[in-house]
Amino acid sequence: MDRFFKKIKTKNILAFVLVAFIGIQFYRPEITHKPVTGDIHVPADVRAILQRSCFDCHSNQTDLKWFDQIAPAYWLVADHIKKGKEGLNFSEWDKLATPAQNAKLWEAFNQINLGAMPLKSYELLHPQAKLSEKDITVLKRYVSSLAPKQKPDTAKIAAYQKQSLQLNAMTNEKASNASLPVALNGISYIPDYKNWKPISSTERFDNGTMRIIFGNDIAVKAAKEHKTNPWPDGTILAKVAWDQIIDSEGNVTTGAFKQIEYMIKDSKRFASTKGWGWARFVSPKLEPYGKTAEFSNECINCHRPMKDNDFVFTSPINH
């Protein structure tokens with residue numbers, strides 16, 4: 001008799017699971033299928049890699065496999081596509097100016113090179129998307145070819161020297177007036193970064209700039225103690241970009257100031273943006289970046305692949 005009731009109970013459980021499985025198939029977040037308005041034009045070998053590994057989530061040419069159509073896998077795929085196209089869409093390439101296109105390609109390569117893309121959860125069911133070392137070399141060679149050719153430029157050096165004087169004067173004036181630029185999300189420019197210690201650097205071979213990342217005392221302490229995942233509240237990282245210039249003797253140095261970007265860790269204040277507050281100030285005038293406070297979403301989308309590294313791309317240099 002006990003075995004009889006156990007069989008009935010097992011059948012009821014299986015029936016419930018089957019009904020639930022069928023039921024969830026009716027909840028299907030929409031995956032929009034827009035036309036290709038401006039396809040990316042790159043060498044055939046580069047396009048083949050992008051199409052195989054990136055297009056499903058980063059273009060209007062999504063090719064869902066049969067198993068992608070089944071919930072709950074479908075929910076994950078739909079979310080990947082939505083967020084992927086928000087950050088990068090190869091089918092609407094014409095919406096970006098050439099410098100922005102090159103920057104997007106560099107960002108994409110940087111995430112691939114760091115192992116953040118394609119997402120591991122995507123590779124698990126789509127092993128063909130995994131990039132080989134040869135694929136990465138092909139992409140790096142192409143992205144590197146987009147970098148402006150560096151050559152001695154005395155005019156550029158003179159412009160840098162002039163800008164330095166103007167920038168120092170502007171910074172001193174702003175400090176004396178206690179009126180600092182403020183981003184649309186309420187984060188103000190922090191001039192004290194110049195007294196912080198550099199903790200890392202990044203390459204931007206797509207646009208000929210040099211970038212140094214400075215950290216405040218909390219960031220430096222966390223880096224020394226290897227407590228950066230997650231970074232502690234109070235951490236401030238400042239990434240400063242300059243033109244890369246070369247003098248007549250072949251020495252490569254920083255040139256004109258381009259911009260400064262801040263990442264401020266405050267898990268409560270910035271809970272809606274993954275615990276980080278982002279701000280960017282461009283040109284010597286330190287103009288706040290973005291047209292609305294929603295510009296932070298652009299930052300989050302770029303950093304999202306590094307969520308397992310507390311959304312930070314660059315690791316501190318070990319001493």
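The structure this text deals with has already been given above.
Everything numeric in this text was worked out from a predicted model, so none of it was measured. (Residues numbered from 1 in each chain as written. Predicted model: local features only at pLDDT ≥ 70, side-chain atom pairs only at ≥ 80, totals over all residues. Heavy atoms only, no water.)

K.L.:
Break down the nonpolar core for me, citing the residues and quoting the values.
P.N.:
Judged by nonpolar contacts, the single largest core of 34 residues is most densely connected at Tyr193, Trp231, Leu237, Ile260, Tyr262, Trp276 and Phe281. Within the residue set of this core, elements represented by two or more residues are β2 (209-215), α9 (217-224), β3 (236-246), β4 (252-265), β5 (276-282) and α10 (295-303). Among all residues touching tyrosine 193, those that are not within four sequence positions of it are Phe214, Ala238, Val240, Phe257, Ile260 and Tyr262. Within the second largest apolar cluster, 21 residues are counted, among which are Leu50, Leu105, Ile112 and Leu131. (Core = buried A, V, L, I, M, F, W, Y, C linked by side-chain atoms within 4.5 Å. Buried < 20%, exposed > 50% of the residue type's maximum accessible area, 1.4 Å probe, protein only. Helix = DSSP H or I, 4+ residues; strand = E, 2+ residues; numbered from the N terminus. Contact = heavy atoms within 4.5 Å.)

K.L.:
Explain the packing of helix α5 (residues 98-113) against helix α7 (residues 133-145) residue by residue, including any values.
P.N.:
The angle between the axes and the distance between the axes are what describe a pair of packed helices. Contact pair α5 / α7: the axes reach a minimum separation of 10 Å and the direction vectors enclose 150°. Between α5 and α7, the interaxial angle falls into the category roughly antiparallel. Note that α5 runs across α7; the crossing there is left-handed. Contacts between α5 and α7 involve Leu105, Trp106, Phe109, Ile112 and Asn113 on the former and, on the latter, Ile136, Leu139, Lys140, Tyr142 and Val143. Partitioned by chemical class, the residues of the contact of α5 with α7 number eight nonpolar, one polar and one charged. (Axes fitted to C-alpha atoms, helices over the stretch in contact; angles between N-to-C directions. Parallel < 35°, antiparallel > 145°, perpendicular 65-115°, else oblique. Left-handed = near helix turned anticlockwise from the far one by under 90°. Nonpolar A, V, L, I, M, F, W, Y, C, P; charged D, E, K, R; others polar.)

K.L.:
So what about α5? Which residues, and what values?
P.N.:
The terminal C-alpha atoms of α5 lie 22 Å apart, and with 16 residues this matches the ideal 22 Å at 1.5 Å per residue to within 8%. Burial in α5 covers these residues: Gln101, Asn102, Ala103, Leu105, Trp106, Ala108, Phe109, Asn110, Gln111 and Ile112. With its phi angle positive at about 80°, glycine 115 sits one or two positions after the end of α5. (Expected span 1.5 Å × (residues − 1).)

K.L.:
Let's hear about the pairing of β3: which residues, and what values?
P.N.:
For β3, a buried count of nine out of eleven residues is recorded, marking the element as mostly surrounded by other parts of the structure. Direction of pairing for β2 relative to β3: antiparallel, over a ladder of seven bridges. The partner of glycine 215 across the bridge, within β3, is leucine 237. Of the pairings in the sheet, the one linking β3 to β4 comprises ten bridges and is antiparallel in character. The residue bridging alanine 241 from the neighbouring strand is glutamine 259, located in β4. (Pairing = 2+ DSSP bridges.)

K.L.:
Describe the environment of isoleucine 260, with residues and values.
P.N.:
Among the secondary structure elements, isoleucine 260 is positioned in strand β4. We classify isoleucine 260 as buried; its relative accessible area is 0%. Distance from isoleucine 260 to alanine 238, taken between C-alpha atoms, is 6.6 Å for residues 22 residues apart in sequence. Not counting residues up to four positions away in its chain, the partners in contact with isoleucine 260 are Tyr189, Tyr193, Ala238, Lys239, Val240, Ala279, Arg280 and Phe281.

K.L.:
Pulling in residues and values, what's your account of the packing of aromatic side chains?
P.N.:
For the coordinates displayed, the defined rule picks out eight aromatic pairs. Note on tyrosine 189 and phenylalanine 281: the rings are 5.9 Å apart at their centroids and 80° apart in plane angle, and the pair reads as edge-to-face. Of this pair, tyrosine 189 sits in the loop between α8 (154-177) and β1 (197-204) while phenylalanine 281 sits in strand β5, and the two are 92 residues apart along the sequence. Arranged with centres 6.4 Å apart and planes meeting at 85°, the rings of tyrosine 289 and phenylalanine 295 form a pair that is edge-to-face. We classify tyrosine 289 as partly exposed; its relative accessible area is 25%. The class for phenylalanine 295 is buried, based on a relative accessible area of 5%. Members of the aromatic cluster, each reached through a chain of ring pairs, are Tyr189, Tyr193, Phe214, Tyr262 and Phe281. (Phe/Tyr/Trp six-rings, centres within 6.5 Å; stacked < 30°, edge-to-face > 60°.)

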